[in-house]
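Chain residues, written in single-letter form:
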Amino acid sequence: MAYSKAWLNYQVVENIRFPFDTLYAETGDKRIQIAAQELQVAAKELAKIKLSLVSDSSQIQRAAKENGAIPAARVVKGGIFLEIDGEMQNEESYRISRQGRGLVVCGGGESGLLYGTFALIRIMQTDPQLLSKICSGKQTVEQAPANPLRMLNHWDNVDGSIERGYAGNSFFFVGNELVIDGRTRDYARLLASVGINGTVINNVNVRGAATELITERCLPQLSRLAELFSSYGVKLYLSLNFAAPIELGGLATCDPLDGQVQDFWKKKMEQVYAKVPSLGGFLVKADSEGRPGPFTYGRNHAEGANMLARAIRPYGGLIIWRCFVYNCRQDWRDRKTDRARAGYDNFMPLDGQFDDNVILQIKNGPMDFQVREPVSPLFSGLKETNMMLEVQAAQEYTGQQRHLCYLVPMWREILDFKTYAAGKGGDGADSVADIVSGRLYGQGNCGMAAVANTGDDENWTGHDMAAANFYGFGRLAFDTALTAEEIAREWVRCTYGCNREILDCMLPMLLSSWETYEKYTSPLGIGWMVNPSHHYGPNVDGYEYDRWGTYHYSDCRGMGVDRTMSGTGYVSQYNEPNCSMYEDIKTCPEELLLFFHHVPYTYRLKTGKTLIQHIYDSHFEGAMQAQNMLLNFDSLKHILPPGAFERIHTRLKVQADHAKEWRDRINTYYFRISGIPDEKGRTIY
Ligand code: GCU
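Below you will find a few notes about this structure. Every value quoted in this text rests on a predicted model; they were computed, and no experiment measured them. (Residues numbered from 1 in each chain as written. Predicted model: local features only at pLDDT ≥ 70, side-chain atom pairs only at ≥ 80, totals over all residues. Heavy atoms only, no water.)

1. Describing empty space enclosed by the protein
Take a probe with the size of a water molecule and roll it over the atoms, and the empty space left behind shows itself. Basically, it comes down to this: A pocket here means an open set of points on a 1 Å grid, computed over the protein atoms alone, that has protein on both sides within 12 Å along at least five of seven lines. A cavity is instead a set of points where a 1.4 Å probe fits but cannot get out; residues with an atom within 4 Å of a point line either one. Grid points are joined across faces, edges and corners, and a volume is the space filled by probe spheres set on the points. In this text, helices come from DSSP runs of H or I with a minimum length of four residues, and strands from runs of E with a minimum of two, each type numbered from the N-terminal end. Here the term charged refers only to Asp, Glu, Lys and Arg, the term nonpolar to Ala, Val, Leu, Ile, Met, Phe, Trp, Tyr, Cys and Pro, and the term polar to all other amino acids, Gly among them.
Scanning the entire structure with this criterion turns up twelve cavities of 30 Å³ or more. The computed volume of the largest cavity comes to approximately 150 Å³. Forming the boundary of the largest cavity are 17 residues, of which Cys323, Phe324, Gly343, Gly365 and Pro366 lie nearest the centre. Put simply, the parts of the chain that give the lining of the largest cavity at least two residues each are helix H10 (342–347) and strand E14 (358–363). Broken down by element, the lining of the largest cavity gets its largest block of residues, three residues, from H10. Of the residues in the lining of the largest cavity, the class split is twelve nonpolar, three polar and two charged.

Written out as structure tokens, the structure reads:
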């Protein structure tokens, strides 16, 4: 099937100043070879310039000498040099600068050079002013990645389906076989272009045939895949089944302290790494939503994770252990158990007990990728444990890639959240970004992961504009100082070229979409009001009287969960002053009001509106904004490439219709349950 080039859609940039005709690069390493090819293609397509490649080292040295001797101002045409500079901050950093009459793209290592090359291409695509400053020697661009690990987690099943996949089927697996083709390469290219350096290709809910990925049958293909990824600076990771000793090894147990189990894993890693030496390691979901884990044997998560970490250590591998552990067989009548508390309660007591090649991967919030949640308190609590932030680009609870919901503003807020882990009144260097980058505690095994939103659809992400989340995750994980707006601008320009009308229309759409979605679905941090199992569409009580710990406790007087000290006590998991801020209804940020408090409908918000009126207004506004988005988008009818307009338009129409359904169902529910009419007299059924 034909598929799009996404943001690597090089289109001619008018009046581009790119005065180079020769590319000098020693192309022994695959990554440098790819960087050189990529730059040649980009120069041709963006600037109509044919860059001839010189890869002979003595010729390069001669050219470099001559280049240095000639002052930039005197010469019009020059060369581009792709170089490695071992003195740079780290292997993955890069610098783009004018030297003599040439432009030098320099990497701390081969991956850095590849990132630098893609950065130069991105600047050519998006920022002619910056490009001309660089070319004329007025500006140098230098960048090191903020996070050591920048990973995608695919929830692709080996049968070709994708758990929470909203963009078609898997392009990694078809009918229990691993597929490696042109699309796999183009996928790796997309990753490298935004600086993603690791990917887990199979669903962390490892079931059935997927356990076999680490058997002799699959290793040769995995080895080819790992090699292909390596040539783009991407490490292959796999999800594994904690019960593999039973499923594959024929043992009666997977107890991490059992000698036979340890021996199974030792031999398994030996076998796997003999064939796939560059494998990054494994992602594990244990004791979570029915998956096997150490709890069955009375062991804790450190014992479980360390057992695997010790087996993989000789090969430099990592064990990425998820903290999504909670009681999913709750009794909804039990008001004491609070799912939000579970991650912290389970993992805090183990701080300092994990081996250094174990990373705890923590979802951004304490629940499960709702439209808004507070930041998981584990980030503020753990101090001697490697941590990774997990976000979800797949829009499971945010419109499933049928609705436009640009999530970078949410991720930005999460990264900026001040944890006070460095103490009250600290120096400001203890945000989530400071922690997961390893800056605060000097860790190297940490970073960010996103549950991927890709599939085999022609545009990769179902909704064309959902690709902004894919792109945005990579860019933000590499450079946590970028704003959501900067990233959105880049994405629009890279994807659709430097067209003012497209940018003017799409930028506000992207930037307001999260808030719009929140308004017509579940404002004030309440979450969850979706249909069970598939999680699409409104259903206020969909998860209310169920076992999952996902309640809103609405009755005729009020709604929301009391997580204060007199409620479930969840607030106590935060450092001060965050704990007190959430505890007091007056200082609790209103966008999270119902996450932390049970509030009467007549309670007045800071705007002076009652809670119930806010609910009505928010849903009316959200639905109207969704409708306006559809109307505004019409202006791009004859401007966007054929196909793109129709695809996006169709989804915006669905979104506008479904937003009305959300509005009417939620408002009706709260009107009927509270008996309080809308002050503005609008129709509520
Ligand atoms: C959510 C999602 C599941 C997924 C789980 C996880 O609960 O609905 O499909 O398996 O998250 O993160 O493991």
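That covers the picture; the talk isn't over yet.
2. Regarding the sheet that holds strand E4 (residues 94–99)
Rules: Pairing between two strands is assigned when DSSP locates at least 2 bridges connecting them. Angles here are taken between N-to-C directions and fall from 0 to 180 degrees, while the axes themselves are lines fitted to C-alpha atoms, restricted in helices to the stretch in contact. Here, two residues are considered to be in contact whenever any of their heavy atoms come within 4.5 Å of each other.
Here six strands make up an open sheet; going across it, the order is E2-E1-E3-E5-E4-E6 and the pairing mixed. Edge positions in the open sheet fall to strand E2 (52–54) and strand E6 (141–143), since each of these has one partner strand only. Between one strand axis and the next, the sheet turns through 20° on average, direction left out of account. Relative to E2, strand E1 (residues 20–25) is paired through three bridges, and the arrangement is parallel. Residue pairing in the sheet places Leu23 in a bridge with Leu53 of E2. Set on the sheet, helix H4 (residues 128–135) makes contact with E1, E4, strand E5 (102–107) and E6; between it and E4 the angle comes to about 60°.

3. Thoughts on the site of the ligand
To keep things clear, this is the line we draw: A molecule or strand has a residue near it when one of that residue's heavy atoms lies within 4 Å. We define a polar contact as two N or O atoms separated by no more than 3.5 Å, with the added condition that, inside protein, one atom must be a possible hydrogen donor and the other a possible acceptor, whereas residues neighbouring each other in sequence contribute only through side-chain atom pairs.
Lining the immediate surroundings of the ligand are Trp155, Glu163, Arg164, Asn205, Lys285, Glu289, Arg322, Phe324, Lys363, Asp368, Glu396 and His535. Arg164 places a polar side-chain atom, nitrogen or oxygen, 2.9 Å from an oxygen atom of the ligand. Between the ligand and the protein, one listed contact pairs an oxygen atom with a side-chain N or O atom of Lys363 at 2.6 Å. Taken together, the residues of the shell around the ligand break down into two nonpolar, two polar and eight charged.

4. Digging into unusual backbone geometry
Cis rather than trans, the peptide bond between Glu576 and Pro577 has omega equal to 5°. Examined against the element boundaries, Pro577 turns out to sit in the loop between strand E17 (558–559) and helix H17 (578–583). Backbone geometry places Ala6, a non-glycine residue, at a positive phi of 50°. Although it is not a glycine, Gln401 sits at a positive phi angle of roughly 60°.

5. Considerations on the pattern of salt bridges
For the record, the criterion: Put simply, a salt bridge is a Lys or Arg side-chain nitrogen that is within 4 Å of an Asp or Glu carboxyl oxygen. Here's how the labels work: a residue is buried when its accessible area is under 20% of the maximum for its type, exposed when over 50%, partly exposed in between, all with a 1.4 Å probe on protein chains only.
Inspection of every chain in the model, using the stated rule, returns 42 salt bridges. In this structure, the salt-bridge partner of Asp345 is Arg341, at a minimum N-O distance of 3.1 Å. Residues Glu458 and Arg647 are paired through a salt bridge, measuring 3.5 Å at the closest nitrogen-oxygen approach. Within this pair, whereas Glu458 is found in the loop between strand E16 (447–451) and helix H14 (467–478), its partner Arg647 is found in helix H20 (residues 644–674), the two being separated by 189 residues in sequence. Overall, Glu458 belongs to the partly exposed group, its relative accessible area being 40%. According to the relative accessible area criterion, Arg647 is partly exposed, its value standing at 25%. Taken together, the salt bridges that share partners define one network made up of Lys609, Asp617, Asp678, Lys680 and Arg682.

6. Digging into the nonpolar core
Operational definition: The set of buried Ala, Val, Leu, Ile, Met, Phe, Trp, Tyr and Cys residues whose side-chain atoms join them within 4.5 Å is what this entry labels a nonpolar core.
One finds Trp265, Trp321, Trp491 and Met506 to be the most contacted residues of the largest nonpolar core, which totals 224 residues. Excluding residues within four positions of it along the chain, Trp491 makes contact with Trp7, Asp464, Met465, Ala467, Ala468, Tyr471, Tyr496, Met506 and Leu510. Among the nonpolar cores identified, the runner-up in size contains eight residues, and Ala63, Phe81, Met88 and Val104 belong to it.

7. Some words on the packing of helix H16 (residues 500–520) against helix H19 (residues 611–633)
Going by this rule: Roughly parallel means an angle under 35 degrees; roughly antiparallel means over 145; roughly perpendicular covers 65 to 115; every other angle is labelled oblique. Handedness of each helix crossing follows the sense of rotation of the near helix against the far helix: counterclockwise by less than a right angle gives left-handed, clockwise gives right-handed.
Running from N to C, H16 and H19 cross one another at 155°; their axes reach a closest spacing of 9 Å. On the basis of their axis angle, the class for H16 and H19 is roughly antiparallel. Helix-helix and strand crossings are classified by hand; for H16 and H19 the assignment is left-handed. Side by side, H16 and H19 meet where Cys505, Met506, Met509, Thr516, Lys519 and Tyr520 of the first sit next to Ser618, His619, Glu621, Gly622, Ala623, Gln625, Ala626, Met629, Asn632 and Phe633 of the second. Class assignment of the residues belonging to the contact of H16 with H19 gives a composition of eight nonpolar, six polar and two charged.

8. Points about the packing of aromatic side chains
Test applied: Stacked, edge-to-face and tilted labels apply to pairs of Phe, Tyr and Trp rings (six-membered ring for Trp) whose centres lie within 6.5 Å, assigned for plane angles under 30 degrees, over 60, and everything in between, in that order.
Inspection of every chain in the model, using the stated rule, returns 33 aromatic pairs. For the ring pair Phe171 and Trp460, a centre distance of 5.4 Å and an interplane angle of 85° mean the geometry is edge-to-face. Taken as a pair, Phe171 in the loop between strand E7 (149–153) and strand E8 (173–174) and Trp460 in the loop between E16 and H14 lie far apart in primary sequence, 289 residues in all. The class of Phe171 is buried, set by a relative accessible area of 7%. Aromatic pair Tyr187 and Phe229: ring centres 5.9 Å apart, planes at 50°, arrangement tilted. Residue Tyr187 is located in helix H5 (residues 182–194), and its partner Phe229 is located in helix H6 (residues 219–230); the two are separated by 42 residues in the primary sequence.

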